[in-house]
Each structure stands twice: as structure tokens, then as C-alpha cells.
Amino acid sequence: SSDLSREPLRIPIRYGTPTPVVIIMNCWNVLIGAALLASVSAVPSFDINLDLPPAQRFANVTQFYRADELAMLTKFNHTLHAKYSTEELNEWLHLLRKELSSYPGYLEELQGIVSDLNHPVATLELMMLFNALYELESPTMCSALLMTTADGRVIHSRNMDYSFFFELPDGAVHDWPDVTYDQVFWRGGKKLMTIVGWPLYTGAHTGMRFDGWTFEQNTRLSKNDHAANLAEARKGGVSFAWKIRHLLETEASFEGALQQIQATDFMAPQYFILSGAGPFEGAVFSIDRGGKLLPGTPPVRRIDQEAGVWHLLQTNDDVNQKPHDPRRPWTNKLLAMQSQSEVSVNLAWQLIRSPTLFNPLTAFTWVAVPSTGYHHTIVHGESPPEDVLALGAGGAGDEVMLMQNRRLKAHSLRRVQQ
């Protein structure tokens, strides 16, 4: 079950015996057709002005999502107290408050949301814990794909696979797709960065600094443990979301972001996927606690034109170990059917929404290109943007992609079975 009330903070996903490839690949046309016929309701976008006092920055979001935020906090509060003791939660709060002191204004942002909600369930303490969802061992099943055109333009695509059901006062049950939105951060009258947001969550799990770099965090399922995370936090380890948001605000370059990430002690194991605005800038980090790689952990993987590495795929297991589920091997089969000359935004949308990666738990899909500033978010029931499907948004490879689309679908079954 993926309902947090029935399985506190843990979302077990058991693939069991893999669905026969024949069924999966024959579903390709059904899924694509359903997506194209779906009614499109654009993901909302909100401006976050960093020049405002911190307590006012998320007021527009809180006003829009007020009912959802109160329902989310009610559900989250019930889940927390079903799993953790008061003593453990108090220790988490002490360490998170200490961590927040490193990021000017972030604590005041949370307090501003609490003040705007003005409701007994909305407390600063609950807001702080909500922003440590991952470290509290609430896993997701995500996928990331970096692809590079022949001239070095890197395209970053991601699926966020996660559910969090909560009930509104009218009985309606909402989930992440109902509250996913785009944040566009401004500073000095200019766009600085964009983050895919959720109400109450002020960190970054998915985002891009304009003309800089992109970021995505994926769960490292076999390693994430809340007790071990708390033990590392006692030693100075930090949660990822506020740290990454602060990096997006303060670090302009891809290489600078890589260096700062490598120098940070994150309290939880995870995967970080980054791409840059410069040619062939793309990397995948496998993060261990303590700021150092443990024996057996995959080293940093990078896009490498000279070595012929033009794509990097990351799901939720170490790439040097046997896959935990079929997503990685099946998607690698699809990638083997492509050539670098076919890489485009359109191909990125096609592959990230292919049946080998797109699944019932996919809350949203996001594609971004830091060299051009392109970014687009769709939730589970939406189709890829029409401007991409009609060419023009993804570069020279899109025409090739559309010509090859029929071949891709027609030969998928035969190639994946080999």
C-alpha cells in the first residue's frame, strides 16, 4: 500500500514477478494514446520573490492551497505520532532547527506559512519535520535520465514516483499530483531559478538555476534508514532539500555545485542527478553518510563525449549491483535503440514517459535544459506539452525523433526480448 496512514512514512513497492514484457510493450500505444486524449490542466506556477521579507514569500501559495495544506498537516501529524516517540521527534526538531540557522530566512519562511494558515494543526515544529520527509525515511521510487546532443546540450528528465493521500473536509481525497506546482524564484527583478514545489515544502528535490544547472534527488532504497540518519545528524550531517535550495540560490555553476555537494555531509544515503548549461555537463552522485563514499558505492558518473557516454540513467538502486526492479534494464534496452543524433527534448519526453519508467505512482514528470532555460512539469494524467510534440522546442533532433517514433514503438518488443 502507498497510503501513509496504513504504512507510516514507508511506501513499499514490490514488483514481484515482472510483468511480462509482451504486456508492458503492447501497452505503449495505449498509454501514449491515453495521454494525448487526457484533458490538460496546466500545473500552476507561482512567483517567489526573494527580495520580500521571508515571512511573506510563500503567502500566494498558502492562500491558493490552504485547504490542502491543513489536510496534509493533519495526515502527516497522525503519521508521525504513529511511528515516532515524542523524545525522538524532539531530537529531530532540535537538529533541524540548528541546521536551519545556516540558511538565512528559511526559518522565517516556515513561520510565515504557519502564521498565514493560523490553525491549531499548523505549527512550526510540524512544518520543520515535513521538510525532512526523506530523512524520516519516506521513500520514493523515482527515475532520472540525462541525455546529450552531439553538440553537448544536456537534457534532464525525471519522474517523481510517490504518493501521499490526504482527505479534505468535503471528503475528497487528494494526492501529490493535486498539489504539484512550479515555483519561479526572483531576485533583483530577475528570474533566478525554478523548483517543482509542494505546499509546505520549502526545500528543493527538483529544480534548475537559470543558465546554471539542474538538480534531482532520488531515493537510495536499500540504504535509507531514519535511525541511522538521525545518528549522522548528531554528528553534523544535514538534510538535502534546504541545502540544495541554498546551493541553487548561491552557486551559479555546475562544477561549483558538484564541488560543494562533494564537500557536504548529508545525513541520508541517496542519489543526486545534475546537469549543467555548459557542453556535456552531466553527473550522477551516489551519496553515503559521512561525506565519503563507502566501499562498493558507485563512483561519480559523468557524461563523457570522448568515452562515448552520452546518457546516464538512475533509478533507485546502485548501478554496479543487480537491479531491484525492471526499470533500469528495460530502459537501457530502449536507450540502446537510439543514437546520439536522435537526442532531443521530444525524445526525452518519450522515454521518461515510456512504460519502462512511467508507472501508476508517477506524481509528476519534469524535463529541463539548463543551456536554454527550457523547463516543463506535467502531473500524472497530463500529456507532454504540445509545443514539443509539434517540434520547435527541442532542437534539431526532434524531427529525427518524430520520424523514428514509429520504428521505436514497432521494434520495442522484439529488441527488449532479446
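Structural data are supplied above this passage.
Residues numbered from 1 in each chain as written. Predicted model: local features only at pLDDT ≥ 70, side-chain atom pairs only at ≥ 80, totals over all residues. Heavy atoms only, no water.

(A) Representation of the pairing of strand β15 (residues 374–379) within the structure. Summarising the sheet, strand β14 (residues 362–369) and β15 pair through six bridges and their orientation is antiparallel. Counted as the bridge partner of Ala368 is His375 from β15. The turn joining β14 and β15, which pair antiparallel and follow one another in sequence, is formed by four residues; a positive phi near 85 degrees is taken by Gly373. (Pairing = 2+ DSSP bridges. Helix = DSSP H or I, 4+ residues; strand = E, 2+ residues; numbered from the N terminus.)

(B) View of the sheet that holds β14. Strand order in the open sheet formed by five strands is β13-β2-β3-β14-β15, and the pairing between neighbours is antiparallel. With one partner strand each, in any of the chains shown, β13 (311–314) and β15 form the two edges of the open sheet. Taking the axes of each pair of neighbouring strands and ignoring which way they run, one obtains an average angle of 10 degrees across the sheet. As defined by bridge partners, strand β2 (residues 143–148) adjoins strand β3 (residues 154–161) across six bridges and the pair is classed as antiparallel. Across the sheet, residue Ala144 finds its bridge partner in β3, namely Arg158. Most of the contacts of helix α11 (residues 327–336) go to β13, to which it runs at about 160 degrees, and overall it touches β2, β3 and β13. (Axes fitted to C-alpha atoms, helices over the stretch in contact; angles between N-to-C directions. Contact = heavy atoms within 4.5 Å.)

(C) Spotlight on the pattern of salt bridges. Counted under the stated rule, the structure contains 12 salt bridges. Between Glu249 and Arg245 there is a salt bridge; the shortest N-O distance is 2.7 Å. Here Glu249 pairs with Arg245, and both are found in helix α9 (residues 240–250), just four residues apart, close to one helical turn. Judged on exposure class, the residue Glu249 and its partner Arg245 are both buried. A salt bridge links Arg302 to Glu255; its shortest N-O distance comes to 2.4 Å. With Arg302 in strand β12 (residues 301–302) and Glu255 in helix α10 (residues 254–262), the pair connects residues that are 47 residues apart, well separated along the chain. A network of salt bridges, in which partner residues are shared, links Arg57, Glu109, Arg245 and Glu249. (Salt bridge = Lys/Arg side-chain N within 4 Å of Asp/Glu carboxyl O. Buried < 20%, exposed > 50% of the residue type's maximum accessible area, 1.4 Å probe, protein only.)

(D) View of the environment of Trp310. Tracing the backbone through its elements, the reader meets Trp310 in the loop between β12 and β13. Between the alpha carbons of Trp310 and Thr149 there is a distance of 7.6 Å; along the sequence they are 161 residues apart. Excluding its chain neighbours within four sequence positions, the residues that come into contact with Trp310 are Leu146, Met147, Thr148, Ile303, Leu335, Gln338, Ser339, Gln340 and Val343.

(E) Quick peek at the packing of aromatic side chains. The final tally for this structure, using the stated rule, is 21 aromatic pairs. Plain terms: the ring middles of Phe76 and Phe130 are 5.2 Å apart, the flat faces sit at 85 degrees to each other, and that makes the pair edge-to-face. Of this pair, Phe76 sits in helix α3 (residues 59–83) while Phe130 sits in helix α6 (residues 124–130), and the two are 54 residues apart along the sequence. For the pair shown, Phe76 and Phe130 are each scored as buried. Note on Phe215 and Phe272: the rings are 5.0 Å apart at their centroids and 65 degrees apart in plane angle, and the pair reads as edge-to-face. Of this pair, Phe215 sits in strand β9 (residues 213–219) while Phe272 sits in strand β10 (residues 270–276), placing them 57 residues apart in sequence. Accessibility classification places Phe215 together with Phe272 in one group, the buried group. Here the guanidinium or amino end of Lys75 rests over the ring plane of Phe164, the centre of that ring lying 5.6 Å away. (Phe/Tyr/Trp six-rings, centres within 6.5 Å; stacked < 30°, edge-to-face > 60°. Lys NZ or Arg CZ within 6 Å of the ring centre and 35° of its normal.)

(F) Focus on helix α5 (residues 106–117). End to end, α5 covers 17 Å across 12 residues, agreeing with the expected 16 Å (1.5 Å per residue, within 8%). Taken together, the buried residues of α5 touch α3, α4 (86–100), α6 and α9. Of the residues flanking the end of α5, it is Asn118, one or two places downstream, whose phi is positive at about 50 degrees. (Expected span 1.5 Å × (residues − 1).)

(G) Structural detail: the sheet that holds β10. Taking strand neighbours across the sheet as the criterion, the eight strands line up as β1-β6-β7-β8-β9-β10-β11-β12 in an open arrangement whose pairing is mixed. Two strands in the sheet have a free side with no partner beyond their single neighbour: β1 (45–49) and β12.

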